[in-house]
Structures are given as structure tokens and as C-alpha cells.
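Chain and residue survey
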Amino acid sequence: MTKEIYENPDLKKERQNCPFNKEEITNFLDGGKEKTTERRQLETYILSDEQLKDAVPMEYLSHADKYAEELRKSCLLMHKLADSPAGQVQTLRALMGAGLGSAILKEGNPIALHYVMFIPALMGQGTVEQQAKWLEKAYNLNIIGTYAQTELGHGTFLRGLETKATYDPVTKEFVLESPSLTAYKWWPGSLGKTANYAVVMAQLYTKGKCEGIHPFMVQLRDEETHEPLPGILVGEIGPKLGMNTNDNGYLGFDKVRIPREQLLMKHSQVLEDGTYVKPTNSKLSYGTMVFVRVVVCQDVTVNLRKAVTIATRYSCVRRQSELKPGDREPQVMDYQAQQHKLLPPLAATFGFQLAADHLWNLYNTANNSMEQGDMELLPDLHGLSCALKALCSSEAANFVETCRQSCGGHGYMSCSNFPRIYGQVTAAITYEGENTVLWLQVARYLVKTRKEKSGGLSVKYLIDEEKGPRTVDTTPEGIVKLYRRVAVGLVDIAIAELENNSRKGYAPHDAWNHAAVHLIKAAQAHARLFVVESFVDSLKGSRLSAPVRAILSQLCELFIIYWILDRSGDFFLCANLKKEDLLQLNSKYVQLLAAIRPQAVNIVDSFDLRDEILGSPLGCWDGNVYQRLFDEAAKSPLNQKNVHESFHKYLKPLLKSNL
Ligand SMILES: CCCCCCCCCC/C=C\CCCCCCC/C=C/C(=O)SCCNC(=O)CCNC(=O)[C@H](O)C(C)(C)COP(=O)(O)OP(=O)(O)OC[C@H]1O[C@@H](n2cnc3c(N)ncnc32)[C@H](O)[C@@H]1OP(=O)(O)O
Ligand SMILES: Cc1cc2nc3c(=O)[nH]c(=O)nc-3n(C[C@H](O)[C@H](O)[C@H](O)COP(=O)(O)OP(=O)(O)OC[C@H]3O[C@@H](n4cnc5c(N)ncnc54)[C@H](O)[C@@H]3O)c2cc1C
């Protein structure tokens, strides 16, 4: 006899008569049918392993037990790599990120940094010989590494880092030192307890001169006992808002000597006699950060997809209040206000992914040409990776919080998974370059391009002036033009502000600081333009069936109008937008909300996120929300006895004390 599978009747209804093929959207997002099959096989392989399941929810464990339990699972996952039905790199990508990996390791993978930064740093910064020496060991997990750059005193301002690596030509060694408390490395993931090696960024001194920060391969712990090596002071920094099993750590050096060959010398070298050989570009040592900025755009998008799926399904199960007097309470998704909360983030997941895909392609192209010594694409890659990392992470964090709020009280439960998702996404605002600082880097590139009339592909629009009449056209292509005008206009306003500040007598750095608000706005408009263009162009260029194209086009239109309505001042200021245009866009926006609403569940279904990945009773496929919330509550240690022992210790004496 087949067991009947429960499906909440409201969700069942939402799924009836879907006008498009959900599987086609799934394939589109995965990058092809075969990729979908591969991903599903991998998910089944990993998620069917009983040893990877939690005995109790992580929330109820102590800080140390959480770490130990997640490390156990993380190591088990590594043992499964060899038999994975997907390729090794594909499996690692899935396990380190916000998708499959988060179903097992809910607050971060203790060995993530090894794959996300340590191996990429070895590949990007090490010579062929150095890679031969360490890469295989790293791939085989004979050593586990991290990336130690940030210090207690400095994260953003890399030239201010204090860790010193002084070359001693007599012994042909570098001497590593932390000259002050603020010189201690502080934050590197996996550093606290997991890693035994690190790529350490330190100021290189040779022949009495500081040559700036460089990467060094440093052993931190004994390979057998895991005890810190002499002169290495290492530990964990304590609980954080999220990502609590990423054992972020601190690290100090007390005159630790390492051989000269442990300077990663792909781009710059120190010869035996101490002669320094410069890199072709001084920013090449920042390459590992560029890689992570690129992958973070993809990662926050997956997190956003999870949040939107949870909130959308829940909003179709949840019935509350009265819409039409006397009628049954409506699904909260039927309130226009709820659609306004959830459909823009739903649409954003597509825009962000398509933009992140473009960035990933640029990364690969630029990297290939840099391997051949051609640095031409580096400024564009830096500009775009900063812009998209900052935009996707900050927008995703706001959207995730909106999704949480859209679930009312139940969204505040730990088990809703919103706190963890938010913890992950909001961290991305800070790590790998704090967003404000990245916006200012983008602005620097935009101003330079506009003034010097030279720059890469992503900023070409700042050089080529728009031709023809500047009318307002509200087709998607017309809207892209409006975004372009805003992006150009805001750069011009920022430049005018800089010039104005100079006329007032400010020195260049002060003129820059006093124009920061305008510069950041310009950088944000540039990033938005890139996402909007990617969304519109990708749909134009893709081979999609008419029904799928129709729903994705509606999402695209909704999203690009949403941002205009959100920042209409910029469009009035720079794009000739008139009151009538805005009113027209407003009514189009609400029409689109109504048009997309009936398909919201079908669209999130097409993300094909398994319940284990969503990790939330609110977002499960079957919509059995209330039963699942009860089941979660039953797991609370406070519910294991009717009367907790603390009653006898504290409450009863108080009750009897006649205060
Ligand atoms: C086996 C493989 C398996 C692969 C598995 C991968 C799995 C991936 C999936 C999982 C995805 C995600 C998982 C998430 C895990 C998260 C882990 C998070 C870990 C976090 C790590 C960190 O945070 S590391 C520390 C990061 N720190 C920073 O980012 C510091 C920020 N500061 C800076 O970058 C710089 O200081 C700053 C840019 C602010 C300025 O630098 P400065 O030296 O002061 O430079 P200036 O003098 O201002 O010069 C500016 C000129 O240099 C150009 N420039 C600056 N930076 C760069 C660069 N990076 N590249 C190129 N060019 C650069 C700039 O444009 C200026 O040029 P100009 O011509 O003079 O104008
Ligand atoms: C979860 C997490 C994981 C991390 N993992 C790692 C890791 O693995 N390895 C590693 O090395 N580091 C890691 N970091 C550190 C991270 O890279 C830094 O925290 C980040 O680069 C910001 O630097 P900061 O903390 O010094 O902030 P600060 O630079 O001190 O920022 C404080 C404030 O000052 C502002 N500010 C700073 N400079 C400027 C400026 N020039 N103009 C305008 N405003 C400015 C910022 O916008 C911010 O508002 C991690 C951090 C987190 C949160």
C-alpha cells in the first residue's frame, strides 16, 4: 500500500495549473539539464547518510560541543568525497556554500577556509614548485590551512597591517613577529582550533626596507599532536552573531623563523641575498580576496533563495485577518503588502544570479589572461567584484530580514532558519572587504574612467555618451537606459562635488572624504545598472520556452521597476523622470505584483531546494507548518520534564518567601 503524502491544501491549490514547466527554470538556474541531474544525485548521496543527521538541534549545544559536532560531520563529508557521484570540485563547491553544505553544517563548515581561501591562495600566489610542495598535501587534507590577514587593529587598511616578516640573509629565513597587541591576527576562519597551516599576510622587510604586504606559508601546529609550534600564539575569538562553527581565531608570532622559500613567490620574490624582485602589479597579492568576492555573490544569492522560499510557502499556508468582511481569513500572500515584501526579493534572486554568472565569466577570462602576463582586465575585475559583492550582500541581507518579518512571530524562531541565514548573509557585508570601503573602491574606478575616458567593459557607458533624445521609455530596454543615465549622472554629481571641494581649498584626500556620500551613491547606481542589464540581456539571449520566458520577464520587469520606485529621486535628478512616468511605473508595478502572485509558489518550487537545505518548518514542501513547529518545540530540553529542577532551586523559594 502506498503511503499518502500530506500536502497542505492551500499549497496544493497553488501548485495546480502551473502555466510553465518548473523543471525548465530549475535547469536554467543550474546551468543545464545534466547539471540538475548531477546536483540531485549529489544531494541524495549526501543527505541519505544517517551519520550526517543531527541528534538534537544545534541551538541546544554548548559553543564547544557545536564546534566538535560540526567538525565530526565536516570530516565525514570529506571521507565521502572520493565516492561522490559529482566531480570533486563540484562536490566541494556544493559542500562549502549555502546550498547542500548548509543542510549538514548549519552554522558554517570548520574547514571552509581551507578550500575557499587557503588552496586558492596557494594556487594564485605560489610558484609551480611551491604548489608542487603543498597543493597535493592540501588537496589530500594532510594539512589544513586558513588565510590570516586581518589583525585586531586593522582589517580594511591593508597597508596598516603590523605583522612583520623580516628577511635574514645569514640564515636565509624570514622572522615573523607581532610587534603589538593590535598586530595579532584576528578573525581568520578555521584558525581557532582547526587549521595547522596558514597563508599569513605580513609586511615584508628586506635590506632594511618595507616592501608592503606579502603572503607567507606558515605552519602553526604540530602535524601529529596539533600543539601550537614554539612562538605561535593561537586561539579562538569566541561566539559571534552567526557562523559559529567557523572557529574564527587569533594568532600572534614571537620571532618565528620560516625558510625563505615560504614566501609565496609567484608574483614577487626575495632572492637569497635579500634582493627584492617586484611584481608586475602591486595588487596581485590581493588576488585571493578577489576570488572570494566573486564566489560570495553566488553564495548570498543561494541564501536569499532559501529565505524567499521559506517565506513564500509559509505566506500561502498562513491565513490571518479579514480581507473581505465575513469571508474566510485569506492567505497572507493575498495581501498586496505581503506581495510587495516577497516578490521583489524573489525576482532579485534571478537578477543577482545572472549578474554573478557574468562576473564569474569575467573572473575566468581575466585570470587566464593574467596567467599569460596580461593585466588589462584586472581593474575591471576588481571594480566589478567589489560592486557586486557589496550590492548582492547588502540587498540580500535586507531582503532576508524582510522575509523574516513577513513570517510574523514564527519567523523569529531559531528553527525558522532565518537567524542562521541572516547571520551568514550579513557577515558577507563585512568580510572580504567591508561594503562601504568597497563602494569607495568602485567610485574611484568610476571617477577615473569618467575623467580619463578610459576603462574596462563594465564602465564603457561612462565613456560613450548616449546619443538621441532623452525621452523616458518604460519598456525593459528603455528602463535600462534610465539606469544608465542615473549611473552617469551620479558619477558626474560626485565629480562636481570633488571639484567643488577642491575649489574650497580641500586637499585631494579631504575633497574625496567630503564627497563620500555622493561617491557611494554613484557606485551603487553602477552596480544596480550591471544587475539590471544582466537580467534584461540574459533573458533576451536565452533559449527559453514562451511560458518560462513570460514569467521570468514579468519578474525582471517587476524588479527593475522596484528599484526605480525605491530610489525615484535619483531618476528625477538624472534620468528626466516625470511625475506621470513615476505614476505609470507605480501602476505597472502593482499590476505585476498581482500577475506574479498566483505563480509565487511554483517559482520557488522551481528553485528545487530540498527541505533539508531549507531547514525550516515554515518552508517545507508539504506546508505542514503547525505540526512541524510543535515537533520542533518538543525537542527543547526544557520540555523533557514537566517541572524543571530550577523550579525547586529558585522559583519555589521565591514563591514561598512572602516578599
Ligand atoms: C578546491 C577548490 C574548491 C573551491 C571551493 C570554492 C567554494 C566556494 C563556494 C563557497 C562560497 C562562499 C563561502 C563563504 C565563505 C566565507 C568565508 C569568508 C572568509 C572571509 C575572509 C576575509 O574577510 S579575508 C580578509 C579580507 N580583507 C579585505 O577584503 C580587506 C579590504 N581592503 C582592501 O581590499 C584594500 O585595502 C583596499 C581595496 C581597501 C585598498 O587597498 P590599498 O592597498 O590601500 O590600495 P590603495 O593604495 O587604495 O590603491 C588602490 C589601487 O589599487 C587598486 N586595487 C585595490 N585592491 C585591488 C585588488 N584587489 N585588485 C586589483 N586592484 C586593486 C585600486 O583600484 C587602486 O587602483 P588605482 O589605479 O590606483 O586607482
Ligand atoms: C564572519 C567573518 C569572517 C572573517 N573571516 C576572515 C578571514 O578568514 N581572514 C581574514 O583575514 N579576515 C577575516 N575577517 C575579517 C574581515 O575581512 C574584516 O572584518 C573586514 O575586512 C573589515 O575590516 P575591519 O573589521 O577592520 O573593519 P573597519 O575597517 O575597522 O571598519 C569599521 C568602520 O569603519 C569604516 N571605514 C573603514 N575604513 C574606511 C574608509 N577608508 N572610508 C570610509 N569608511 C571606512 C567601515 O566602513 C566601517 O563602518 C572576517 C570577518 C568576519 C565578520
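Owing to the predicted nature of the structure, the values given are computational and were not obtained by experimental measurement.

**Side note on the UniProt feature "binding site: FAD" (unreviewed entry) in the protein**
- Feature annotation in UniProt places "binding site: FAD" (unreviewed entry) on T150 and G189, given in this structure's numbering. What stands out for the annotated residues spanning 40 residues is how close their C-alpha atoms remain, the widest pair being 10.7 Å apart.
- Of note, T150 is situated in the loop between β1 (145-148) and β2 (164-168).
- Judged by its relative accessible area of 23%, T150 is partly exposed.
- With sequence-adjacent residues up to four places away left out, T150 is seen in contact with G155, Y184, K185, W186, W187 and P188.
- Its place among the elements puts G189 in the loop between β4 (185-186) and β5 (197-206).
- Discounting residues that sit within four places of it in the chain, G189 has contacts with L113, T146, N246, D247 and N248.

**Describing the environment of T37**
- Considering the arrangement of structural elements, one finds T37 in helix α3 (residues 33-47).
- Accessibility expressed as a relative area gives 43% for T37, which makes it partly exposed.
- For the pair T37 and R313, spaced 276 residues apart in the sequence, the C-alpha separation amounts to 24 Å.

**So, the domain arrangement of the protein**
- We note that the domain assignment places domain 1 (143-279) and domain 2 (286-457 + 474-604) within the protein.
- The distance between the C-alpha centroids of domain 1 and domain 2 comes to 36 Å.
- Listed by partner, the interface residues are nine residues for domain 1 and 12 residues for domain 2.
- Where domain 1 touches domain 2, the interface holds one salt bridge.
- Note that K266 is salt-bridged to E371, the shortest N-O span being 3.0 Å.
- At the boundary of domain 1 with domain 2, the tally comes to one residue pair in polar contact (both at pLDDT 80 or more).
- Within the side of domain 1 that touches domain 2, the residues separate by chemical class into five nonpolar, three polar and one charged.

Definitions and limits used
- Residues numbered from 1 in each chain as written.
- Chains lettered and ligands numbered in written order.
- Predicted model: local features only at pLDDT ≥ 70, side-chain atom pairs only at ≥ 80, totals over all residues.
- Heavy atoms only, no water.
- UniProt positions renumbered as here; feature names shortened; annotations may be inferred.
- Helix = DSSP H or I, 4+ residues; strand = E, 2+ residues; numbered from the N terminus.
- Buried < 20%, exposed > 50% of the residue type's maximum accessible area, 1.4 Å probe, protein only.
- Contact = heavy atoms within 4.5 Å.
- Domains from an automatic or database assignment.
- Salt bridge = Lys/Arg side-chain N within 4 Å of Asp/Glu carboxyl O.
- Polar contact = N/O pair within 3.5 Å; in protein donor to acceptor, adjacent residues only side chain to side chain.
- Nonpolar A, V, L, I, M, F, W, Y, C, P; charged D, E, K, R; others polar.

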